[in-house]
Amino acid sequence: VADVLPAVYFIFYFIPLTAVMFRVPDIFAMVGDVFTMISHILTTIPEIFATYGEDYFRDGERRVIARLVSGPDHRIVLATGGGAFSNPDTRALILDRAVTVWLDSDLDTLVERTSRKDNRPLLKDGNAREILAKLREERSPQYAQAPIHVLSCSGPHTNTVNKVIQGIEQWL
């Protein structure tokens, strides 16, 4: 795949950011020169949400993504959370400038993965399963705009990596 894509950005998004540390770096090793996880660029997300609110966070997130995908021509793999792609301006930017992959998971997998850490502002005030189900329902029409959709399941990480590579190859 890397031979066919000399200067392209790859954007992966999740509901919420669930599999980045396990799957995207493996994909990056195959296709990218730079791996960036959006949540590592910004100040801690819970602090921003608590101090300034979600709208402020999404605006900053959009500006950071715009800078990253407007940089010099090089391959970059950028992993975002699902909220980034839900923002119409950010979504338009990503769809215009990047190969976009929706890494999807079933609800049980999302609940299990998000329960590993207590740093998700949108899941703090309520039942995580109900909140995730609602986010999934609300955001799915936007997520479906990605040209590549891959289901991330339990099992060896290479299964998802291979599905992503196959999806990219089919899309090309």
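Refer to the structure printed above.
Read on for a plain summary of the structure. (Residues numbered from 1 in each chain as written. Predicted model: local features only at pLDDT ≥ 70, side-chain atom pairs only at ≥ 80, totals over all residues. Heavy atoms only, no water.)

## What to know about the overall build of the chain
Test applied: Each helix is a run of H or I in the DSSP string that is no shorter than four residues. Each strand is a run of E no shorter than two, and both are numbered from the N terminus. Only protein chains enter the calculation, and the probe is 1.4 Å; a residue is then buried if its accessible area is under 20% of its type maximum, exposed if over 50%, and partly exposed in between. The contact rule is simple, with two residues in contact once any of their heavy atoms fall within 4.5 Å. For every accessible area listed, the method is Shrake-Rupley and the probe measures 1.4 Å; residues are considered covered only by the protein chains on display.
The helix and strand inventory of the chain stands at nine helices and five strands. Along the chain direction, N to C, the helices and strands of the chain fall in the order β-α-β-α-α-α-β-α-α-β-α-α-β-α. The proportion of buried residues among the 172 residues of the chain is 47%. Considering only intrachain contacts with a sequence separation of at least 6, the fraction spanning at least 24 residues in the chain is 75%. Per element, the accessible surface of the chain, about 8,600 Å² overall, is 51% carbon and sulfur.

## Focus: the pairing of strand β4 (residues 98-104)
Just so we agree on the cut-off: We treat two strands as partners when DSSP finds at least two bridges between them.
Burial analysis of β4 places seven of its seven residues in the buried class, the great majority of the element. Residue alternation in β4 divides its side chains into two sets, Ala98, Thr100, Trp102 and Asp104 and Val99, Val101 and Leu103, and both sets are buried. In the sheet, β4 pairs with strand β5 (residues 148-151) via four bridges, with the strands oriented parallel. Bridge pairing links Asp104 to Leu151 in β5.

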